[in-house]
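Descriptive analysis of the structure
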2 protein chains.
Amino acid sequence: MGSRVWFPTAGLLVWLCCLSLGTVHGGKVLVMPVDGSHWLSMKILVKELSRRGHEVTVLVPESRLLIQGSDSYKTKIYQVPYTQAELDSQFESLRERLFDTPPHFTDFFVNVDRLVAFTSVQALGCKALLNNEPLISQLRVEGFEMVLTDPFLPCGSILAKIFSVPAVYFLRGLPCGLDTQASQCPSPASYVPVSFSGNTNNMTFLQRVTNIMMSYVESYLCGIMYKHFDDLTSMQFGNGMTYKELISHGAIWLLRYDFTFEWPKPVMPNQVFIGGINCAKKAPLPADLQEFADGSGDDGFIVFTLGSLVASMPEEKAKQFFDAFRQIPQRVVWRYTGPLPKDVPKNVRVMKWLPQNDLLAHPKAKVFMTHGGTHGIYEGICNGVPMLMFPLFGDQGDNVHRMVARGVAEKISAFEVTTETVVAALKKMIQDKSYKERMEALSQIHLDRPIGPLDLAVFWSEFVMRHKGAPHLRVAAHDLNWFQYHSLDVIGFLVAVVLVVLWVTLKSCAFIFHKCCGKRIVKKKSE
Amino acid sequence: MGSRVWFPTAGLLVWLCCLSLGTVHGGKVLVMPVDGSHWLSMKILVKELSRRGHEVTVLVPESRLLIQGSDSYKTKIYQVPYTQAELDSQFESLRERLFDTPPHFTDFFVNVDRLVAFTSVQALGCKALLNNEPLISQLRVEGFEMVLTDPFLPCGSILAKIFSVPAVYFLRGLPCGLDTQASQCPSPASYVPVSFSGNTNNMTFLQRVTNIMMSYVESYLCGIMYKHFDDLTSMQFGNGMTYKELISHGAIWLLRYDFTFEWPKPVMPNQVFIGGINCAKKAPLPADLQEFADGSGDDGFIVFTLGSLVASMPEEKAKQFFDAFRQIPQRVVWRYTGPLPKDVPKNVRVMKWLPQNDLLAHPKAKVFMTHGGTHGIYEGICNGVPMLMFPLFGDQGDNVHRMVARGVAEKISAFEVTTETVVAALKKMIQDKSYKERMEALSQIHLDRPIGPLDLAVFWSEFVMRHKGAPHLRVAAHDLNWFQYHSLDVIGFLVAVVLVVLWVTLKSCAFIFHKCCGKRIVKKKSE
């Protein structure tokens, strides 16, 4: 059997054609995105839905990071109670000290702290939108058939409930596993590693101990992290409705991963896996980059980016990288906007933005130096390029851990970056062919699927519009409280029944014993 | 939004074309089927794999029910220690008394008893195959790349292990939920109804009590039902290997249902849902049947079959049906091989075999009278025809319950069939349009999928051959015992730690108290 040889039947092609002959009625889609890298892949689906004839309206906050207008979709800009400068400075503080702080146990709490700061500001933005009566009325009469949103922030789910339309979620996951809880997906702590635990799916006894303990810490922190969203939800819908309860009504969860990245675990019928949606389409390289890549000879080249939010770093740290690149025969193309040293090595090309996925698709791409965001990781997997990873914040540590455990990546903590560590890691990964072999095997498995992730995401979005949701995929567990879910009431009842039966039996025996033998004993005594 | 309007992108079509341009290397597939109705849908996949250029060899027992040779695939016939007459008589005894025994609580045990009788005979057949040294040697050198089997019987999984090739399972499910257990799929008894419990996914407290109790009974009976298979597995591979452990190594579980039939519940990454695989393809009706159906006027016609194994019934029972059909305006086409009365009503056409799916596809098909096997049920769903159901044995009671609960079917116990009950049920279902409406909605949801079930089954079969299994979809839970899986060892350890800490703290406090206050008390007393 060769690889990637799936052959559609004539039947399938006829079937596809039949479907394509059906009339496409444009649906009306309201999009409530999350800014930053979250938007970059959601945009792909938004544009595709628009291309297929749906009328798409994207809600855009006045102060924003990466969300922009486009000819493909309409935008509605809404006012938020924070300025662009305030938003920028919040992210600037996130970028600060990334490279000069040693990794520490307290990083977990720092991450939580950052998240709470971020979510509280975003909750303010959401409140402003919901209080914007004219805009809400305007949206209400539009007659949307579906809300596409990322439940990382609450506004999309709230709007879906207000307008009584189904919601489709587009996400990588939620902090502290709220997505798993909200979709009622079982997640046994004995083999599903908890965020920040540093575990894989195969754990020793002690690792399982830390995993369980982390899961308790996580569920406690969940309360803190989502307090602003819980308040907002409860204020909006009353009855003490929590954020988890609100988002549990999502019709379909489009999850940006698959099991070449994530460890296998139980899933739910309304979870759809669209990992790699951001790297499915490739475009030719610009002429200069094509020449740069082609001309890299047998040594090939390295692609180096640290994500959409981190284009720079302290000068001293950058020097370590420049010095490292000076010592290797590979060419390097680096997304970097910081000040350049006087003697930039000749093999290094610094750019403000680069077509990462298309560069990685070039056969001479040897190593991908990345921070470990899921977009970048999937571009590495799609193109079969081993990765040298510098996790910075958020889920990046966990992401990187998954890739290192699979033997397709090496990791250097941003704090520990020196010329020597970078050169040694690059040499090791290029000389030891096993990194490339494992990555290519992983890539082949990832790419070998019955339907591409973008088509799958479009299919389920349209399905939800066609059938006004997907109630046949919603488990009845949503109607149970945790006591009922775990059958604790039933077990308590059965134990009570057994105890009563035992008690009655014992009492009856005692009574009979007393009646029969008691007389004899009395008789004997009297004798 | 119209229904069924999924529109493949140009991207998808290009992608399909690219894949189809890849060279298809024929794989070598060994098929170990289960006889009876199980074979009828597996045959569809077997033929399709063969059509796509794979070399397929089907193992066929000398004494058999429905498995036959074909030009599409090779067969290897193996001897079994029971004759055709013995096999036939076993099934004859199954058919006996189906119509003249009232439903009873003990039916559950009767079902188990029948299953044990069946599996013990089949285990003998399997033993004979495994002891057939020449045949096994011959198969070993063939170099199969995959075993396609139904784990309802053990031989296929055993052969896959002996030949060290991955196994793909094709099944509806296994008695007492062994498929769920073996694939490590969580199945909370609080909302996943247990077989024979008569529950749906929404249960009252008392229903949850019966569900839990049935799940205990079930797990006890599992041991009895699979004893012959456990013995066989253990004898073959030693180390007390159980049948559950053996089949847990299946690479992919192709499950013949989806969530228009089954209630939604957690699933596993290596479970693939191919419900409706048996009704995806349609053929034109033979001319006489076409005329019969077309000529049925506005009243339409009824299709009546009781499955591949039950083509007849006691004469007295058949009379009730004939008399019922005499009273309705619909035409009836009935698969029936029993003796005919003198006065067969003019609107009834009796046939030895009928193209069930193609008949149901006719727009004038009003009601499908069926026993509730999953094949028939999916033909009803595919074609949107409401069903009048007569569950006979095995899982049929549960199947029928699912359809009745969805409001697309009515049920009459075979024992309670009279002219009056049949006429009343048919009239009700035809006059009350809601049955048809609900069934059509269900049908639209079932048919609205990104890829057809046969193509999906072929894809995953070929995937397993291309990648020598699907280990990336195998959960690490398989490496844990139940104690570890539920983290009971970890919880025990943590409780012990807490107790030790508490004890040490209390002892320390007592010691300090004694040291500090003890002296004072002594001093006070001495004063």
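Residues numbered from 1 in each chain as written. Chains lettered and ligands numbered in written order. Predicted model: local features only at pLDDT ≥ 70, side-chain atom pairs only at ≥ 80, totals over all residues. Heavy atoms only, no water.

Identification of chain A as UDP-glucuronosyltransferase from Nothobranchius furzeri is taken from an unreviewed UniProt entry. Note on chain A: under the UniProt heading Sequence similarities (unreviewed entry), the record states "Belongs to the UDP-glycosyltransferase family." Per UniProt, chain A has the following entry under Catalytic activity (unreviewed entry): "glucuronate acceptor + UDP-alpha-D-glucuronate = acceptor beta-D-glucuronoside + UDP + H(+)". (UniProt positions renumbered as here; feature names shortened; annotations may be inferred.)

Moving on, we get to the overall build of chain A. Scanning chain A from terminus to terminus reveals 20 helices and 13 strands. The dimensions of chain A, computed from C-alpha atoms along their principal axes, are 120 × 60 × 55 Å. Scored against the burial criterion, the 527 residues of chain A give a buried share of 56%. Partitioning the contacts of chain A with sequence separation of at least 6, the portion at a separation of at least 24 is 67%. Side-chain charges in chain A split into 53 positive and 48 negative, and the spacing between the mean points of these groups amounts to 8 Å. (Helix = DSSP H or I, 4+ residues; strand = E, 2+ residues; numbered from the N terminus. Buried < 20%, exposed > 50% of the residue type's maximum accessible area, 1.4 Å probe, protein only. Contact = heavy atoms within 4.5 Å. Lys, Arg positive; Asp, Glu negative; His and termini not counted. Charge placed at Lys NZ, Arg CZ, Asp CG, Glu CD.)

Bringing the pairing of strand β1 (residues 28-32) of chain A into the picture now. All names here are of chain A. The element β1 is largely enclosed, with a buried count of five among its five residues. Here β1 shows two buried faces, one formed by K28, L30 and M32 and the other by V29 and V31. Sheet topology places β1 next to strand β2 (residues 55-61); four bridges connect them, and they run parallel. If you follow L30 over to β2, its bridge partner there is T57. Crossover β1 to β2 through helix α2 (residues 37-51) is right-handed. (Pairing = 2+ DSSP bridges. Right-handed = clockwise from strand over helix to strand, strands pointing away.)

For chain A, the assigned domains read domain 1 (24-279 + 452-478), domain 2 (287-447) and domain 3 (480-512). With centres defined by C-alpha atoms, the gap from domain 1 of chain A to domain 3 of chain A works out at 44 Å. (Domains from an automatic or database assignment.)

Turning our eyes to something else, we now look at a nonpolar patch on the surface. On the surface, a nonpolar cluster with roughly 890 Å² of combined accessible area is contributed by Y216 of chain A together with W482, F483, L488, I491, V495, V498, L499 and L502 of chain B. Listed by contribution, the elements that provide at least two residues to the nonpolar patch are α19 (482-485) and α20 (488-526) of chain B. Take the nonpolar patch: its biggest share by element is six residues, from α20 of chain B. Structurally, the position occupied by F483 of chain B is in helix α19. (Patch = residues over 30% accessible without salt bridge, like charges linked within 9 Å, V, L, I, M, F, W, Y side chains within 5 Å. Areas by Shrake-Rupley, 256 points an atom, 1.4 Å probe, with all protein chains shown as cover. Salt bridge = Lys/Arg side-chain N within 4 Å of Asp/Glu carboxyl O.)

What follows concerns the sheet that holds strand β13 (residues 409-411) of chain A. All names here are of chain A. Taken in spatial order, the six strands line up as β10-β9-β8-β11-β12-β13 in an open sheet, and their pairing is parallel. Looking along the sheet, the strands with just one partner apiece sit at the ends: β10 (348-351) and β13. Each neighbouring strand pair of the sheet contributes to a mean axis angle of 15°, computed without reference to strand direction. Bridge analysis of strand β9 (residues 331-335) against β10 gives four bridges, and the strand direction is parallel. Bridging from a neighbouring strand, W334 pairs with V350 of β10. Across the sheet, helix α12 (residues 315-326) lies against β8 (301-304), β9, β10 and β11 (365-370), angled at about 160° from β9, the strand it touches most. Packed onto the sheet, helix α14 (residues 374-383) meets β11 and β12 (387-389) and runs at close to 160° relative to β12. (Axes fitted to C-alpha atoms, helices over the stretch in contact; angles between N-to-C directions.)

In the structure shown here, the tally under the stated rule is seven cavities of 30 Å³ or more. In this model, the largest cavity occupies a volume close to 1,200 Å³. If you list the elements that add at least two residues to the lining of the largest cavity, you get β7 (271-273), α17 (434-447) and α18 (453-467) of chain A together with β7 (271-273), α17 (434-447) and α18 (453-467) of chain B. For the lining of the largest cavity, a count of residues per class yields 31 nonpolar, eleven polar and six charged. Taken as a whole, the second largest cavity encloses approximately 180 Å³ of empty space. Taken together, 21 residues line the second largest cavity, and the ones lying closest to its centre are P33, P61, Y78, Q122 and L153 of chain A. Put simply, the parts of the chain that give the lining of the second largest cavity at least two residues each are α3 (84-95), α4 (107-130) and α6 (155-163) of chain A. It is α4 of chain A that contributes the most residues to the lining of the second largest cavity, four residues altogether. (1 Å grid on protein atoms, 1.4 Å probe; cavity = no way out; pocket = protein on both sides within 12 Å on 5 of 7 lines; lining within 4 Å. Points joined across faces, edges and corners; volume = space filled by probe spheres on them. Nonpolar A, V, L, I, M, F, W, Y, C, P; charged D, E, K, R; others polar.)

Applying the stated criterion across every chain yields a total of 52 aromatic pairs over all chains. Relative to F325 of chain A, the ring of F321 of chain A has its centre 6.1 Å away and its plane inclined at 35°; by these criteria the two rings are tilted. Residue F321 of chain A and its partner F325 of chain A are both found in helix α12; the two are separated by four residues, about one turn of the helix. Each member of the pair, F321 of chain A as well as F325 of chain A, is classed as buried. An angle of 25° between the planes, with centres 4.8 Å apart, marks the rings of F304 of chain B and W334 of chain B as stacked. Of this pair, F304 of chain B sits in strand β8 (residues 301-304) while W334 of chain B sits in strand β9 (residues 331-335), and the two are 30 residues apart along the sequence. Its relative accessible area of 1% is what places W334 of chain B among the buried residues. Chaining the aromatic ring pairs together yields one cluster made of F304, F321, F322, F325, W334, Y336 and F390 of chain A. The residue whose ring lies beneath R331 of chain A is F292 of chain A, and the NZ or CZ to ring-centre distance is 5.2 Å. A cation over an aromatic ring shows up here: R438 of chain B above the ring of Y435 of chain B, its NZ or CZ 5.5 Å from the ring centre. (Phe/Tyr/Trp six-rings, centres within 6.5 Å; stacked < 30°, edge-to-face > 60°. Lys NZ or Arg CZ within 6 Å of the ring centre and 35° of its normal.)

Attention now moves to the state of the cysteines. In this structure the tally under the stated criterion is six disulfides over all chains. Taken in sequence order, the bonded cysteines of chain A link in the pattern 1-2, 3-4, 5-6. The closest cysteine sulfur to the non-disulfide-bonded C185 of chain B is located on C185 of chain A, 9.7 Å from its own sulfur. Overall, the relative accessible area of 8% leaves C185 of chain B in the buried class. (Disulfide = S-S within 2.5 Å.)

Turning next to the side chain of H467 of chain B. Its place among the elements puts H467 of chain B in helix α18. Within the local environment of H467 of chain B, its side chain forms a polar contact with the side chain of D448 of chain A, the two groups lying 2.7 Å apart. When sequence neighbours within four positions are dropped, the list of residues in contact with H467 of chain B reads Q444, I445 and D448 of chain A. (Polar contact = N/O pair within 3.5 Å; in protein donor to acceptor, adjacent residues only side chain to side chain.)

We now examine α12 of chain A. Residues and elements named next belong to chain A. Between its first and last C-alpha, α12 extends 16 Å over twelve residues, near the 16 Å set by a 1.5 Å rise per residue. Listed in full, the buried residues belonging to α12 are K317, A318, Q320, F321, F322, D323, A324 and F325. Structurally, α12 contributes buried residues whose contacts are with β8, β9, β10, β11 and α16 (419-431). (Expected span 1.5 Å × (residues − 1).)

Before going further, it helps to examine unusual backbone geometry. All names here are of chain B. Look at S164: it is not a glycine, yet its phi comes out positive at around 55°. Within the secondary structure, S164 sits in the loop between α6 (155-162) and β5 (167-171). The phi dihedral of K468 falls on the positive side, at around 55°, and the residue is not glycine. Along the chain, K468 falls in the loop between α18 and α19.

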